[in-house]
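Structure assessment
Residues per chain are reported as follows:
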Amino acid sequence: MSNIVDPGADALVARIAARVRTERERRRWTLAQLADASGVSAAMISRIERGESSPTAVVLGKLSAAFRLGVASLLALAEGEPDAVADTAGVRRGADAAEWQDPGTGYRRRQITGPRFPAEIAEIRLPAGARVPYPAAAFAFVRQLVWVLDGRLTFHDGDTVHELGTGDTVELGAPADRVFANTTATECRYAVVLTRDTRP
């Protein structure tokens with residue numbers, strides 16, 4: 001069970017629900033078709049779309065892969081809905097940024113850039129012992145860099161494992177199954193920087 005205290009969290013879950021439904025309807029997919037494409041049950045997708053269940057990071061990874069979007073892109077699109085922070089240049093206060101928390105692992109994500117900025121930058125806090133896997137399709141059509149800000153991150157890039165410390169970066173190549181893992185006893189904080197050719 002999640003212990004989210006961010007007052008904007010419920011609104012963010014509602015925007016994620018609306019974005020998942022919008023992306024499915026844009027493709028004219030039924031719930032069953034999205035379930036087949038993602039490996040997430042139709043019942044779970046229905047609960048997510050109705051805002052009755054907050055998806056875990058793993059489920060979001062599967063859904064974003066089915067949509068051929070990065071997880072960061074799917075969340076950034078949700079965070080960029082009209083009732084979110086204004087889509088303008090200028091100062092964005094940290095207190096105004098909604099923080100999404102994975103109810104499964106406690107992983108927390110805060111979008112740093114606005115929806116019109118040409119790169120997506122997000123700050124991630126990965127709790128001690130947490131492990132978040134994503135399928136290769138979640139990394140299609142994007143260029144991505146991971147930058148460790150505090151702590152240690154064990155990053156599985158396909159069959160290669162990178163042990164990353166504070167200040168280390170890794171630039172991702174061709175899509176591969178990937179795992180973000182924190183095998184230490186303290187939180188790891190890292191940034192994800194993502195660019196793509198066109199916005200979905």
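Because the structure is a prediction, the values reported are computed rather than measured. (Residues numbered from 1 in each chain as written. Predicted model: local features only at pLDDT ≥ 70, side-chain atom pairs only at ≥ 80, totals over all residues. Heavy atoms only, no water.)

In this section: the side chain of R178. Among the secondary structure elements, R178 is positioned in strand 9 (residues 178–181). Look at R178 and you get buried, because its relative accessible area is 1%. The residues touching R178, leaving out its near neighbours within four places in the chain, are V132, P133, Y134, F139, F155, H156, D157, L172 and G173. (Helix = DSSP H or I, 4+ residues; strand = E, 2+ residues; numbered from the N terminus. Buried < 20%, exposed > 50% of the residue type's maximum accessible area, 1.4 Å probe, protein only. Contact = heavy atoms within 4.5 Å.)

Turning next to helix 3 (residues 42–49). The periodicity of an α-helix, 3.6 residues per turn, causes residues three or four places apart in sequence to face the same way. Considered for burial, the residues of helix 3 that qualify are I45, S46, I48 and E49. Projected onto a plane normal to the axis of helix 3, the buried residues spread over an arc of 160 degrees and lie on a single side. Two residues or fewer after helix 3 comes G51, characterised by a positive phi angle close to 75 degrees. (Arc of directions from axis to C-beta.)

A separate point is the sheet that holds strand 7 (residues 160–164). Strand order in the open sheet made by the four strands is 4-9-6-7, with antiparallel pairing throughout. In this open sheet, the two edge strands, each paired with only one partner strand, are strand 4 (131–134) and strand 7. Going across the sheet, the axis of each strand differs from the next one's by a mean of 15 degrees, ignoring polarity. When strand 6 (residues 153–157) meets strand 7, the two strands line up antiparallel, connected through five bridges. Residue F155 lies in a different strand from strand 7, and its bridge partner there is H162. (Pairing = 2+ DSSP bridges. Axes fitted to C-alpha atoms, helices over the stretch in contact; angles between N-to-C directions.)

Everything listed is a geometric property; what it means functionally is a separate question.
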